[in-house]
Protein chains: 2
Amino acid sequence: MARVVQKFGGSSVADAESIKRVAKRVVATRQAGHEVVVVISAMGDTTDELMDLAMQVSPQPAPRELDMLLTSGERMSAALLAMAIGDHGLQARSFTGSQAGVITTGTHGNARIIDITPGRIASALEGGDVVIVAGFQGVSQDTKDITTIGRGGSDTTAVALAASLGADYCEIYTDVDGVFTADPRIAPNARRIPKISYEEMLEMAACGAKILHLRCVEYARREHVPVHVRSSFTTKEGTWVTDLEEGSAMEQAIISGVAHDRGEAKITIVGVPDRVGEAARIFEAISTIEVNIDMIVQNVSAVATGRTDISFTLPKTDGKAAIDTLNALKDSVGFEDLLYDDQIGKVSVVGVGMRSHPGVTAKFFASLSEAQVNIEMISTSEIRISVVVDGEDVDRAVRAAHTAFGLDSEDEAVVYAGTGR
Amino acid sequence: MARVVQKFGGSSVADAESIKRVAKRVVATRQAGHEVVVVISAMGDTTDELMDLAMQVSPQPAPRELDMLLTSGERMSAALLAMAIGDHGLQARSFTGSQAGVITTGTHGNARIIDITPGRIASALEGGDVVIVAGFQGVSQDTKDITTIGRGGSDTTAVALAASLGADYCEIYTDVDGVFTADPRIAPNARRIPKISYEEMLEMAACGAKILHLRCVEYARREHVPVHVRSSFTTKEGTWVTDLEEGSAMEQAIISGVAHDRGEAKITIVGVPDRVGEAARIFEAISTIEVNIDMIVQNVSAVATGRTDISFTLPKTDGKAAIDTLNALKDSVGFEDLLYDDQIGKVSVVGVGMRSHPGVTAKFFASLSEAQVNIEMISTSEIRISVVVDGEDVDRAVRAAHTAFGLDSEDEAVVYAGTGR
């Protein structure tokens, strides 16, 4: 008998019929003898609809009130799921994030989980209940106000609950079969990865893979919670995200997967005077607006001009703020021009195996060259190599790397119609 | 400067525009220097829609979960109203019933308010906030589960909050101008009652007047909270419900109003053997199914047959349960037949003045007789006389009594299109 946390996202519970289907799955797990906690998102588009409603009432809704409004969505689906499970003759009770003991910081819309005090739901579990917890929400430690946990909130809540309840594992149900070696819509020969380490999953998530949020994976790694990412539409095994098993098959595959990210833009500051401290001033200014800089490249300054170009990438959504901040510095720093390019893409190969296998970088770059893809910027970590390429070359680059590292399967991956991933 | 509680019902906040209109009213009250607490219902048909959703998921939704689901509605409108008020530059914060300290019994769907511990909202008021409280809900004293307070819940919450916060008065905003001397859709010459005593309002509510729930009026009477029932569409004075002012104009009007009720049915048990204890057995059986019996009539038994008929009235919704219970007794009690008539109506005249004015009964019955209305059953209290008549005669009976007791105004009452009352 295991203690299991299962998380279902909005598309899994889009309507009454879906809720009943999820209920059946949960009931099956419970009837197999396991203790079950379900973390659930709002139904379908509910969160967007509530946001629309807020916008109709107020152009700048107060953050505290927006959280009060949005958290109604998860509350509703949790109650409905509990009802559906009750119809199978099992005891099921729903709880808000607050009732489940999810304690957070006070930042409305993007609160961070500080702690989980799961006493009430642990008692319910021990009493034999199936416990349903409204995801995406908690309560502020300081103000006792309801908070929402930001992107990936329900996944992170599920993993955090699993850790605090000493669960054996956490299942994240989604609309694809697991983590793939590349996005199947770009690389039709991509395969499901049966097992991936926390470190590799972190890199994949940081480099654009949308299946699990960075924050959720980091929490799982820190607390050593095994995470099983699988489809809510089938009973097939998905992808297990776990601690790295030394010397295992995990380490033998040199590259686990290829990730891509179209969400970044590149800013180039042209003709920066090559004086001590200029680069520092530029990045200090950027840091005041809390923008996440990703990759930075500074060319060696031209002897003739005594000037250099500095390029960096950042999320597109931060582009305008960064440009405005830099424009304000133009006179004081004395650079010549500011270029903005949002038609770039980032392609990354990830694998713990590259630590022990030299030549990965060369193989990667060779495959890109053969595919006629120009490399604009490069960034690496111990288990990842990323390149910035032209946006139009992203798909070709992903496929080239995928093939070069032997990741292609014989069959085409099945892509579910309408999953939108 | 006063401390005011204002309650707005679902039709007052049916959509984003209505919410903004309500916000303007609340802001005006606050800017006049008063401390304001707003109790708010769910938007428009939200509660019905959530109920539908529950029915789609489960034919018999668990009561605890139904309360978790339904209370989302009030939570949403409270948050939206707080946002709208915030746009006027005022601080406003929304609270659930639980956060506002509304402590109730554990009966889901029909919880009773036990106590209010308004510490958190009192602090908010003293800090200058406009406080918005989600109506219709509280938290169970025993289980700490969220509960809904049953019919009239938001009105009762408003009055209870007013009492616990020492408010100067409670305003109930609705879609009519106040309490009328009769339903204007039946008696076009009905007038708004400027002031009515708690006792008379209790009788009016018990006898079919739908404007304020019995429970709410009883709470107001017990705690001496003045209640102002008024329209959310205009700024006109409505009806004040207060303590009776001895010797005042309140006592001079012999009859304050005429109420009617089409929600009852009549059951006649024909040919009950005239033995000691038979009537007791019948009503004991009825009491086990917790049905509210209203009026009872037992004829003197016929000498020839030694049998009598017993009639009583009850809510139509309890009709089937009562009939089933009585049928099961047929052999043991030995009555001859069971008749069910749901085409009846009850018409009542209410007024504290009748205590000091004899002849009210006679005048009432004479007016009915002139209108060709036959009286089937009679029931009275110190300040009320009720008759059961044929359903088709209700309107005529109401108008006849209204005229006989001098309640007709010269003008026709304004009935707002689409108010549905």
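Residues numbered from 1 in each chain as written. Chains lettered and ligands numbered in written order. Predicted model: local features only at pLDDT ≥ 70, side-chain atom pairs only at ≥ 80, totals over all residues. Heavy atoms only, no water.

Undergrad: I'd like a description of the relation of the copies chain B and chain A, backed by residues and values.
TA: Overlaying chain B on chain A yields an RMSD of 0.1 Å, the required transformation being a rotation through 179 degrees with an accompanying axial translation of 0.0 Å. As the rotation angle and translation indicate, the two copies are arranged about a two-fold axis. Of every C-alpha in chain B, the one belonging to B:S72 sits nearest the axis of rotation, 2.7 Å from it. (Least-squares fit on C-alpha atoms with pLDDT ≥ 70 in both.)

Undergrad: Lay out the packing of helix α2 (residues 46-57) of chain A against helix α3 (residues 63-86) of chain A in plain terms, naming residues and giving numbers.
TA: When two helices pack together, their arrangement is given by the angle between their axes and by how far apart the axes lie. Residue and element names in this part refer to chain A. At a minimum axis distance of 9 Å, the contact between α2 and α3 shows a crossing angle of 150 degrees. Taken together, the axis directions place α2 and α3 in an arrangement best described as roughly antiparallel. In this structure, α2 crosses over α3, and the sense of that crossing is right-handed. Of the residues in α3, those in contact with T46, T47, L50, M51 and A54 of α2 are L66, L69, L70, G73 and E74. In the contact of α2 with α3, the residues fall into six nonpolar, three polar and one charged. (Axes fitted to C-alpha atoms, helices over the stretch in contact; angles between N-to-C directions. Helix = DSSP H or I, 4+ residues; strand = E, 2+ residues; numbered from the N terminus. Parallel < 35°, antiparallel > 145°, perpendicular 65-115°, else oblique. Left-handed = near helix turned anticlockwise from the far one by under 90°. Contact = heavy atoms within 4.5 Å. Nonpolar A, V, L, I, M, F, W, Y, C, P; charged D, E, K, R; others polar.)

Undergrad: I'd like to hear about the interface of chain B and chain A, residue by residue, with values.
TA: Each partner contributes residues to the interface: chain B has 41 residues there, and chain A has 40 residues. Between chain B and chain A the total buried area reaches about 3,200 Å² when both faces are included, carbon and sulfur atoms providing 60% of it. Area buried by chain B at its contact with chain A is led by B:V57, B:R75 and B:M83, which between them contribute 22% of it. Applying the counting criterion to the chain B and chain A interface returns two salt bridges. Between B:R120 and A:D145 there is a salt bridge; the shortest N-O distance is 3.4 Å. Counting across the interface, chain B meets chain A through 16 residue pairs in polar contact (both at pLDDT 80 or more). Where the side of chain B that touches chain A is concerned, the elements lending two or more residues are α1 (16-31), α2 (46-57), α3 (63-86) and β3 (92-95) of chain B. Residue composition of the side of chain B that touches chain A, grouped by class: 23 nonpolar, nine polar and nine charged. (Buried area = accessible area lost by both parts, 1.4 Å probe. Salt bridge = Lys/Arg side-chain N within 4 Å of Asp/Glu carboxyl O. Polar contact = N/O pair within 3.5 Å; in protein donor to acceptor, adjacent residues only side chain to side chain.)

Undergrad: Please give an account of helix α10 (residues 319-328) of chain A that cites residues and values.
TA: Residue and element names in this part refer to chain A. For α10, the set of buried residues is G319, A322, I323, T325 and L326. Along the axis of α10, the buried residues cluster in a sector spanning 165 degrees; they form a single face. In α10, the exposed residues that point more than 90 degrees away from the buried face are K320 and A328. If you follow the buried residues of α10, they end up packed against β14 (264-273), α9 (278-288), β16 (307-315), α11 (330-334) and β17 (337-341). (Buried < 20%, exposed > 50% of the residue type's maximum accessible area, 1.4 Å probe, protein only. Arc of directions from axis to C-beta.)

Undergrad: Break down the sheet that holds strand β20 (residues 384-390) of chain A for me, citing the residues and quoting the values.
TA: Residue and element names in this part refer to chain A. One open sheet accounts for four strands, arranged β13-β18-β20-β19; its pairing is antiparallel. Bordering the open sheet on either side are β13 (257-261) and β19 (377-381), each of which pairs with just one other strand. Averaged over all neighbouring strand pairs, the angle between strand axes comes to 20 degrees, with direction disregarded. Strand direction decides the pairing type here: β19 and β20, joined by five bridges, are antiparallel. The partner of I378 across the bridge, within β20, is V387. Relative to the sheet, helix α6 (residues 198-206) contacts β13, β18 (344-350), β19 and β20, its axis offset from that of β18 by approximately 170 degrees. (Pairing = 2+ DSSP bridges.)

Undergrad: Go over the UniProt feature "binding site: substrate" (unreviewed entry) in chain A with me, naming the residues and quoting the values.
TA: Residue and element names in this part refer to chain A. In this structure's numbering, the residues bearing the UniProt feature "binding site: substrate" (unreviewed entry) are T47 and E74. Annotated residues spanning 28 residues; largest pairwise C-alpha distance 8.7 Å, indicating a single compact cluster. Mapped onto the elements, T47 comes out in helix α2. Beyond its immediate chain neighbours, meaning those up to four positions away, T47 contacts A42, L70 and E74. Mapped onto the elements, E74 comes out in helix α3. The exposure class assigned to E74 is buried, which follows from its relative accessible area of 2%. With sequence-adjacent residues up to four places away left out, E74 is seen in contact with I40, S41, A42, T47, A134, G135, F136 and Q137. A polar side-chain atom of E74 sits 3.5 Å from the main-chain amide nitrogen of A42. (UniProt positions renumbered as here; feature names shortened; annotations may be inferred.)

Undergrad: Give a detailed account of the domain arrangement of chain A, specifying residues and quantitative values.
TA: Residue and element names in this part refer to chain A. Considered domain by domain, chain A is made up of domain 1 (3-175), domain 2 (264-341) and domain 3 (344-404). A C-alpha centroid distance of 25 Å is found between domain 2 and domain 3. Facing the eleven residues of domain 2 at the interface are eight residues of domain 3. Between domain 2 and domain 3, the buried area comes to about 760 Å², and carbon and sulfur atoms account for 69% of it. The interface formed by domain 2 and domain 3 holds two salt bridges in total. Here D294 ties to K346 by a salt bridge, and the two come within 2.6 Å at their closest N and O atoms. Seen at the junction of domain 2 and domain 3, the total is two residue pairs in polar contact (both at pLDDT 80 or more). Across the side of domain 2 that touches domain 3, the residue classes break down as five nonpolar, two polar and four charged. (Domains from an automatic or database assignment.)

Undergrad: Any chance you could break down the packing of aromatic side chains for me, citing the residues and the numbers?
TA: Applying the stated criterion across every chain, the model contains eight aromatic pairs over all chains. Both rings, one in B:Y169 and one in B:W240, keep their centres 5.5 Å apart while their planes meet at 75 degrees; by these two values the pair is edge-to-face. Of this pair, B:Y169 sits in strand β9 (residues 169-174) while B:W240 sits in strand β12 (residues 239-242), placing them 71 residues apart in sequence. Looking at A:R64, its charged tip hangs above the ring of B:F95, at a distance of 5.0 Å from the centre. (Phe/Tyr/Trp six-rings, centres within 6.5 Å; stacked < 30°, edge-to-face > 60°. Lys NZ or Arg CZ within 6 Å of the ring centre and 35° of its normal.)

Undergrad: Got a sec to walk through the environment of A:R64? Specific residues and values, please.
TA: By the secondary structure assignment, A:R64 is in helix α3. The spacing of A:R64 and A:D52 is twelve residues in sequence and 16 Å in space, taken between C-alpha atoms. Contact partners of A:R64, with chain neighbours within four places excluded, come to A:H108, A:D145, B:R93, B:S94 and B:F95. Among the polar contacts listed, one links the side chain of A:R64 to the backbone oxygen of B:S94, at a separation of 2.8 Å.

Undergrad: Break down the sheet that holds strand β4 (residues 102-104) of chain A for me, citing the residues and quoting the values.
TA: All names here are of chain A. Read across the sheet, four strands follow the order β5-β4-β7-β8 without closing on themselves; strand pairing throughout is mixed. Whereas interior strands pair on both sides, the edge strands pair on one side only; in this sheet they are β5 (113-116) and β8 (146-148). Here the strands of the sheet are splayed against their neighbours by 45 degrees on average, with no regard to which way each runs. Contacts from α3 reach β7 (137-140) and β8, with the element oriented near 75 degrees to β8.

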